[in-house]
Amino acid sequence: MAKFDQNDSSVVVIIGSGAGGGTLGNELAQKGIKVVILEAGNRYEIPDFINDEWESFTQLAWTDMRTTSGTWRVAKDFANLPAWIVKAVGGSTVHWAGASLRFEEHEFKARTTYGGVPGASLLDWPVTLAEMEPWYAKAEFKMGVTRTNDIPGLPGNNNFKVLEAGARKLGYKTVHTGNMAINSQPRDGRGACQQIGFCFQGCKSGAKWSTLYTEIPKGEATGNLEVRSGSMAIKIEHDASGKVTGVVYADSQGKMQLQKARIVAVAGNSIESPRLLLNSASSMFPDGLANSSGQVGRNYMRHMTGSVYATFENPVHMYRGTTMAGIVRDEAAFNPKRGFVGGYEMETLSLGLPFMAAFLNPGAWGRSFTAAMETYPRMAGMWLVGEDMPQETNRITLDPVAKDKFGMPVASVHFDDHPNDVAMRTHAYKQGSAIYEAVGATVTYPTTPYPSTHNLGTNRMSEKAKDGVVNKFGQTHDVKNLFVSDGSQFTTGAACNPTLTIVALAIRQADYIAGAMQKKEI
Amino acid sequence: MREVDRRNKYDRRVFLKGAASTVPAAAVASATGLGITDAWAEDAKALTPATLKTLVKVARDIYPHDFLADRYYIVAVKPWDGKAAEDAAVKAMITDGIARLDQDARDRHKVPYAQVPWEVDRVALLVGIEQTTFFKTLRGDLVVSLYNQKELWPKFGYEGSSAEHGGYINRGFSDIDWLPKA
């Protein structure tokens, strides 16, 4: 395993080891480029994962202080937990569900397709589906996505069978067990899914793709990748010419260190990435690094989400088996006749009893709540995930008061639903409930969004430098050797889960960085 | 379909040992098979036995599950005694919160909270304090300290950790048998 000197200014420093950072690190290492990944969290391996929701949450979740504002209900129910993401090597690929879907062509052209939506800061991506297709194909192959590369779909669990039966009765056509980065048969040195459940707590069988036990060890095996866990990036430094030169970070002992760098790539998820750029303000960049547009932190998206749970006369045991291997895609299409632009997916979801108590209706108590809880084994559940509208005022800023243990301002997350988000959620609740009622649900529960798992858009890609933070390769418009490699690059969010697109962009970005290094452009 | 055995399948001694640090008296009471006596509240360090017993009643009224014996609610609220012993502000919050609830109960029903006979009347009193820090803190803690007890999961038909049993691939992940033919 490589160990690079802190004064080695030839390395690429990547901040974060999740879908973006972990993939970029391995891709660069495979090309012979020296990489140091700084990961704020600790390194846990598969045997360390815990099939227990709260214990696992304590182990893996990013619970460092954050503040919230806005009209979203999360700000009231979980004021210091705006997002449910992971602080560990592998980042949120440790707890992600595995759903791996491509954007539709029109979703790269949201401004053109949807037109001007009042209050929304819509923009077309500076890339097209045609341009992304080969990179999507590489990502699907790398991750072993079911229903691609001749990999069969996963078998449907009880929760899926309920969803499928209801959806078919309603006339929905595209209903299957999903395009999942979870092995349905042994592949790439990892076994097949054992239907354990607990996909969100770290996959105990390793069937689910995570950078933790795919990209990162593969990169490390080249001798070109060093992962420093417990290393929290504090500030990115630059020289008089405005080029970045290194990253100041707190090591696992809390001591400040400086790693010099030829290139820096930020991949700390859409809350920490803009926070780091803003915290890296200097006399040359008083509004933060790469922020001449004023767009760093803006256009925060979290997907239109929500869940529908339903109670039946007979048992379902929804928690048995793969959590999200089930999808209805018919509502993902663009069909403004429904009263909103964009579309949404319906995907199976289950929570264990402890999380169901916390998230079914946060703050609720009394008999109507406990009556619902007592139907737990007879419940089915789905997650609704759709495109939300980017808004300039939905935004990550530095909290003026709260600081972390290193004295750095924490991220403050402001979010208001756009009327389009509300209209879509209302529609999705209705359709979700109808699916379950079609097969005999006695009660349905339209469940409020959880703390955000899909955090997007806060360093968005744009054709023109004034409209966003990075170009089509994730390279910041302002600083040539500074990149963004996570979901914060997203210009718009599309209906589907974001990870496949993050991975595809990271593979493509590695290619671009390697080329630019070779040509001595950076 | 493979149904879940609703009986407690957890090793009782492990459960009691685990709970022993927080509820020795409750553990002894249930281990002897005598059921819950008031003994569990008598060794309180910071809160009075009456306050603790009222807390248990409040906990049941917040999350009423008639198939759960008091011992689950005791396990859920007893740690407040330890927290109150360590932190005067916590002690004041609990003591004052219960005192107000008792006062409200006396004003309306001439008896302290725990003696108000009907749940619906006690719930009306809780609604009156729903926006207080006391209630919000208590409820926010209880939703974890109650539902996160592994011992009560089987009663809700939840099977808990599954990896050590080989997952559900051979244990009913797709055994649903009542759906209409698609």
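Scroll up for the structure.
What counts and how
- Residues numbered from 1 in each chain as written.
- Chains lettered and ligands numbered in written order.
- Predicted model: local features only at pLDDT ≥ 70, side-chain atom pairs only at ≥ 80, totals over all residues.
- Pairing = 2+ DSSP bridges.
- Helix = DSSP H or I, 4+ residues; strand = E, 2+ residues; numbered from the N terminus.
- Axes fitted to C-alpha atoms, helices over the stretch in contact; angles between N-to-C directions.
- Expected span 1.5 Å × (residues − 1).
- Buried ≥ 20, exposed ≤ 12 C-beta atoms within 10 Å, placed from the backbone.
- Contact = placed C-beta atoms within 7 Å.
- Nonpolar A, V, L, I, M, F, W, Y, C, P; charged D, E, K, R; others polar.

1. A word on the sheet that holds strand E6 (residues 232-238) of chain A
The strands making up a sheet associate through hydrogen bonds between their backbones, and the pairing can be parallel or antiparallel.
All names here are of chain A.
Now for step 1: Spatial strand order, E6-E7-E8: three strands in an open sheet with antiparallel pairing. Each edge of the open sheet is held by one strand with a lone partner, namely E6 and strand E8 (256-260). Across the sheet, the mean angle from the axis of one strand to that of its neighbour is 25°, orientation sign disregarded.

2. Topic: helix H1 (residues 19-30) of chain A
Residues and elements named next belong to chain A.
Now for step 1: Taking 1.5 Å per residue as the helical rise, H1 with its twelve residues ought to reach 16 Å, and the 16 Å between its terminal C-alpha atoms agrees with that figure.
Now for step 2: Of all the twelve residues making up H1, eleven are buried; the element is thus mostly covered by neighbouring parts of the structure.
Now for step 3: Buried within H1 we find Ala19, Gly20, Gly21, Gly22, Thr23, Leu24, Gly25, Asn26, Glu27, Leu28 and Ala29.
Now for step 4: Its buried side turned inward, H1 meets strand E1 (12-15), strand E2 (35-38), helix H7 (215-221), strand E5 (225-228), strand E9 (263-266) and helix H12 (499-518).

3. As for the environment of Val12 of chain A
Residue and element names in this part refer to chain A.
Now for step 1: Turning to its location among the elements, Val12 is positioned in strand E1.
Now for step 2: Classification of Val12 by C-beta neighbours within 10 Å gives buried; the count is 27.
Now for step 3: Each C-alpha atom of the pair Val12 and Val264 lies 5.8 Å from the other, and the pair is 252 residues apart in sequence.
Now for step 4: Discounting chain neighbours no more than four positions away, the residues touching Val12 are Leu28, Ile33, Lys34, Val35, Ala261, Arg262, Ile263 and Ala265.

4. Some points on the interface of chain A and chain B
It is common to give the size of an interface as the accessible area that goes away when the parts come together.
Now for step 1: Each partner contributes residues to the interface: chain A has 39 residues there, and chain B has 33 residues.
Now for step 2: At six residues, helix H6 (residues 158-170) of chain A tops the list of elements feeding residues into the side of chain A that touches chain B.
Now for step 3: The class makeup of the residues in the side of chain A that touches chain B is 18 nonpolar, 13 polar and eight charged.

5. As for the sheet that holds strand E3 (residues 67-69) of chain A
Residues and elements named next belong to chain A.
Now for step 1: Spatially, the three strands line up as an open sheet ordered E3-E15-E14, and their pairing is mixed. Looking along the sheet, the strands with just one partner apiece sit at the ends: E3 and strand E14 (395-403). Between one strand axis and the next, the sheet turns by 35° as a mean value, whatever way the strands run.
Now for step 2: As judged from the three bridges shared by E3 and strand E15 (residues 409-414), these two strands associate in the parallel manner. Within E15, the residue paired with Ser69 across the bridge is His414.
Now for step 3: Against the sheet, helix H8 (residues 269-279) touches E14 and E15, its axis set at about 65° to E14.

6. A look at the pairing of E8 of chain A
Residues and elements named next belong to chain A.
Now for step 1: Here strand E7 (residues 244-250) runs beside E8; their pairing, made up of five bridges, is antiparallel. Within the sheet, the bridge partner assigned to Gly246 lies in E8 and is Lys260.
Now for step 2: Connecting E7 to the antiparallel partner E8 that follows it, the hairpin turn spans five residues, and Gly254 within it adopts a positive phi of roughly 85°.

Scope: geometric values only; no functional claims are made or implied.
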